[in-house]
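A closer look at the structure
Each chain, letter by letter, is given below.
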Amino acid sequence: MAKLREIQDITVCESTTEMLTKGRKDGVSTAFDRADDMKPCPIGAQNACCKHCFMGPCRLSSKAPYEKVGVCGANIDTFQARGFARAVAAGTAAHSDHGREMAELFYSVAKGENPDFEIKDEAKLVAFAKHFGIETADRAVKDIAVELGEACLAEFSQQHGHLKMLERAPKKRFDLWKDLGILPRGVDREVVEIMHRTTMGVDQEYRNIVLGAARCALADGWGGSMISTGLSDIMFGTPSPIRSTVDLGVIDAKQVNVIVNGHEPQLLDMMMRLAEDPAMVAKAKAQGAEGINLIGMCCSGNEMLVRKGVPHAGNFMMCDSAIITGAVDALMVDVQCIQAGLVDTAKCYHTKFITTNYRCHVDGAVHVEFHGEKGARESGEKLMQIAIDNFKNRGDKITIPGKTERLVGGFSHEAINYMLGGSFRASYTPLNDNIINGRIRGVAGVVGCNNPRQKHDWVHIELVKELLKNDVLVVQTGCSALALAKAGFMQPEAAAKYCGPGLREVCETVGIPPVLHSGSCVDNSRILEALSAMVAAGGLGDDVSDLPVAGAAPEYMSEKAIAIGHYVVASGVYTVFGVTFPFVEGTKFAEYLFGGMEKDLGATWAYEPDPYKMAKLMIDHINKKREALGIMEKKERVLFDMEARRELG
Ligand code: MSK
């Protein structure tokens, strides 16, 4: 085993520090330790290798002049573009398979075949159906829902035309995609096509591959992910500002603690209901517990934090820490971001690590299948029973960190619209006005994972601090949101502590925190809706690429993040990634991704692991957009009437 980092170099999170210290004493090995012991392959880290056929695998030098080519003759640019595109396809597949699962679940509810779930938000159902061109006037909810379910499922298998949700983008952006020939046809078709194009002997021109990957990524953001978010809102409720609590202190020694981790909301939703079921509570009490404490983790938790305020244990790199408390009776997982290493951590304590989805088995875990469409309550009860029965098996190694943090989350696109404009004039106009008058410099989306090679939460927090100081409003999703929530940035009082004077004034007037939690990683589609609404509100140009906005994934680790980054860039937003990026400096591929793409799509990628330099890149970009819009100078507050707004547009 290589020398392990000191724990103060691994995380800035107090609870994680406490639990990793305990874990080392208890003999637990976490992903942080395995990262220390496993040097990343330098060739793979740069996508300078290719194993798409069996004449290789081939590896190329990452030193200029890049003359060497693979056995087939493919050069370094082809290698990198193909590796990048395959990551986009994998990420798109993950979000979209989640989206399809939501569509299947919704369809079973719509047809009246699933008594375990329901349509909670009829207003969103009608609004979403209208986006698909479905007739809603004077029709029964059930009929609209069945037609919507069929329309959503068809988006995955459609072969021709374009995905319906793309029409929600500004017209100029839609036309740009059309002119470039990258309007996605059907979600599955775009994933399959990328896998085909990147196989041996097909697409070997880096720009064509990157643009093909953009088509696939757009099928994720404006297809699979947007369908997932929309249908989840309809079934589980559209988020609106709600209080919750985050951090490992939400684990309660006196109750049966059940943590649900993964991505699809139906498992956590069912377990939350069962945790309040009198019969289940009575069973827990019979075992000596005071009740059942249902807790979310990672993005399953985010799904229900923003909708129902479920207490949240923490982000991706805290799963081991939760088990190390010794007080988690069951950790139930569905799909995505489930570390196989948790099986061994669970073995050091009494925790039952339970996989529940047929698509995700882990060697050594207990497997109890849960299907949202059929028998969800029955299998949920089985799962809960395992947790309750395990309460009595707790050992004496229990230590629960005392820290919890309050937050207000639930800032969906609809909620932001309502909060800014009120119920009669729901609109993004007040946001645009505050950007135009300079109180808000711009808006940043800070999203993505934790990566054990990076000091946990540090880059997220330092980056956001810099942005707020410079009057940049921050919108968040995924594990990044949890880093800021734990650090206290998602309370309205945070505005006075961290923001520049303009942003502080706006947040205090509206009563919002300066960092808005919008949901899980699939919910980055909400950011696309918000950007389109900003363009539609007027005064800030006529395309997303005109807006003073930027994106970042400071500590990402997943292929899903690459897919998100690529659809965000292809939608017109300058986006910076941290930690690492699979590229070789100075190649044509890199020059295109980090520069040339702007000519085609009006935005580029950037790579910068240092949070302060990352913030500078984003703020410089926002300033550049403000200059282009002619709003760089802070303006005195003027009341814009319709005529004035038209002139600005
Ligand atoms: S869970 S994809 S670590 S955000 Fe969505 Fe967190 Fe990244 Fe997984």
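Definitions and cut-offs
- Residues numbered from 1 in each chain as written.
- Predicted model: local features only at pLDDT ≥ 70, side-chain atom pairs only at ≥ 80, totals over all residues.
- Heavy atoms only, no water.
- Near = heavy atom within 4 Å.
- Helix = DSSP H or I, 4+ residues; strand = E, 2+ residues; numbered from the N terminus.
- Nonpolar A, V, L, I, M, F, W, Y, C, P; charged D, E, K, R; others polar.
- Domains from an automatic or database assignment.
- Contact = heavy atoms within 4.5 Å.
- Buried area = accessible area lost by both parts, 1.4 Å probe.
- Salt bridge = Lys/Arg side-chain N within 4 Å of Asp/Glu carboxyl O.
- Buried < 20%, exposed > 50% of the residue type's maximum accessible area, 1.4 Å probe, protein only.
- Arc of directions from axis to C-beta.
- Pairing = 2+ DSSP bridges.
- Axes fitted to C-alpha atoms, helices over the stretch in contact; angles between N-to-C directions.
- Patch = residues over 30% accessible without salt bridge, like charges linked within 9 Å, V, L, I, M, F, W, Y side chains within 5 Å.
- Areas by Shrake-Rupley, 256 points an atom, 1.4 Å probe, with all protein chains shown as cover.
- Core = buried A, V, L, I, M, F, W, Y, C linked by side-chain atoms within 4.5 Å.
- Polar contact = N/O pair within 3.5 Å; in protein donor to acceptor, adjacent residues only side chain to side chain.
- Expected span 1.5 Å × (residues − 1).
- Phe/Tyr/Trp six-rings, centres within 6.5 Å; stacked < 30°, edge-to-face > 60°.

All residues in the neighbourhood of the ligand are listed as H263, C298, C299, F316, C337, G448, C449, G478, C479, C521, M557 and K560. Every element with two or more residues in the shell around the ligand is listed here: α12 (298-308) and α19 (478-486). Split by residue class, the shell around the ligand holds 8 nonpolar, 3 polar and 1 charged. Split by domain, the shell around the ligand shows at least three residues from each of two domains, domain 3 (248-393) and domain 4 (408-629).

By the assigned domains, the protein chain splits into domain 1 (7-58), domain 2 (76-236), domain 3 (248-393) and domain 4 (408-629). Placing the centre of domain 1 and that of domain 3 at their C-alpha centroids yields a distance of 25 Å. If you look at the interface, domain 1 gives 14 residues, while domain 3 gives 12 residues. Buried surface at the junction of domain 1 and domain 3, both sides included, amounts to about 1000 Å², of which 66% is carbon and sulfur. For the pair domain 1 and domain 3, the number of links is 0 salt bridges.

This brings us to helix α8 (residues 187-197). For α8, the complete set of buried residues consists of V187, E190, V191, E193, I194 and R197. Along the axis of α8, the buried positions cluster into a sector of 160 degrees, meaning they face one direction only.

To continue, consider the sheet that holds strand β15 (residues 605-607). Read from one edge of the open sheet, 6 strands run β12-β11-β10-β13-β14-β15, paired in parallel fashion. Looking at strand neighbours, the two that pair on one side only are β12 (515-517) and β15, the edges of this open sheet. The average angle at which neighbouring strand axes cross in this sheet is 25 degrees, direction not considered. Contacts between helix α23 (residues 559-570) and the sheet are confined to β14 (575-577) and β15, with β14 contributing the most and set at about 160 degrees to the helix.

Burial of strand β4 (residues 256-262) is extensive: 7 of the 7 residues sit out of reach of the surface. Because side chains alternate across β4, one face comprises the buried residues V256, V258, V260 and G262, and the other comprises N257, I259 and N261, equally buried. Bridge count for β4 against strand β5 (residues 292-297) is 6 bridges, and the pairing is parallel. From the neighbouring strand, N261 faces β5, where its bridge partner is M297. Two strands pair when backbone bridges link them, and β4 and strand β6 (residues 330-333) are joined in this way by 4 bridges, in the parallel orientation. Among the inter-strand pairings, V260 is bridged to a residue of β6, identified as M332.

Here we come to unusual backbone geometry. Cis rather than trans, the peptide bond between G56 and P57 has omega equal to 0 degrees. A cis geometry characterises the amide bond from A64 onward to P65, with omega recorded as 15 degrees. With respect to the helices and strands, P65 occurs in the loop between β2 (58-59) and α4 (76-110). Here the phi dihedral of D247 falls at roughly 110 degrees; this positive angle occurs in a residue that is not glycine. With respect to the helices, strands and loops of the structure, D247 is situated in the loop between β3 (242-246) and β4. A positive phi is found at C337, a non-glycine position, where the angle reads about 65 degrees.

Once that is clear, we can look at a nonpolar patch on the surface. Taken together, the side chains of M55, V71 and M200 define a hydrophobic patch exposed on the protein surface, amounting to about 280 Å² of accessible area. Mapped onto the elements, M55 comes out in the loop between β1 (49-50) and β2.

Before going further, it helps to examine the pattern of salt bridges. Throughout the structure, instances matching the rule amount to 44 salt bridges. For the salt bridge of R307 with D233, the shortest nitrogen-to-oxygen distance reads 2.6 Å. Highlighted residues: R307 in helix α12 and D233 in helix α9 (residues 206-236), separated in sequence by 74 residues. In this structure D233 comes out as buried when scored by relative accessible area, which is 0%. Of the charged contacts, one joins K469 and E466 as a salt bridge, the two residues approaching to 2.9 Å between their closest N and O atoms.

The next subject is the nonpolar core. Judged by nonpolar contacts, the single largest core of 169 residues is most densely connected at L148, L231, M332 and M384. Looking at which element gives the most residues to this core, the answer is α9, with 17 residues. In this view, M332 contacts V258, I259, V260, N261, L267, M271, I354, T356, L383, M384 and A387; residues no more than four positions away in its chain are not counted. M297, C298, I323 and L331 belong to the second largest nonpolar core, which has 38 residues in total.

The parallel open sheet is built from 5 strands, whose spatial order is β5-β4-β6-β7-β8. Of all the strands in the sheet, the pair left with one neighbour each is β5 and β8 (366-367). As paired strands, strand β7 (residues 352-355) and β8 are joined by 2 bridges and run parallel to one another. Each bridged residue has a counterpart across the sheet, and for I354 the counterpart in β8 is V366.

Here we come to the environment of E405. Relative to the helices and strands, E405 is located in strand β9 (residues 405-409). Placed 85 residues apart in sequence, E405 and M490 show a C-alpha to C-alpha distance of 9.3 Å. Beyond its immediate stretch of four places on either side in the chain, E405 contacts S244, T245, V246, D247, A485, K486, G488 and Q491. Reaching out from E405, the side chain makes a polar contact with the side chain of Q491 at a distance of 2.8 Å.

Between its terminal C-alpha atoms helix α1 (residues 14-26) stretches 18 Å, which fits the 18 Å expected from 13 residues at 1.5 Å a residue. Within α1, burial applies to S15, T16, M19, L20, K22 and G23. Buried residues in α1, looked at end-on, bunch into an arc of 165 degrees, giving them a common side. Across α1 from its buried face, at more than 90 degrees, point the exposed residues E14 and K25. Residues of α1 that are buried in the fold lie against α2 (31-37) and α13 (319-324). In the stretch just after α1, G27 is the one whose phi turns positive, near 85 degrees.

Taken as a whole, this structure holds 17 aromatic pairs when the rule is applied. For the ring pair Y556 and F577, a centre distance of 4.6 Å and an interplane angle of 55 degrees mean the geometry is tilted. In this pair, Y556 sits in the loop between β13 (549-553) and α23 while F577 sits in strand β14, placing the two residues 21 residues apart along the sequence. A single burial state applies to Y556 and to F577, both of which are buried.

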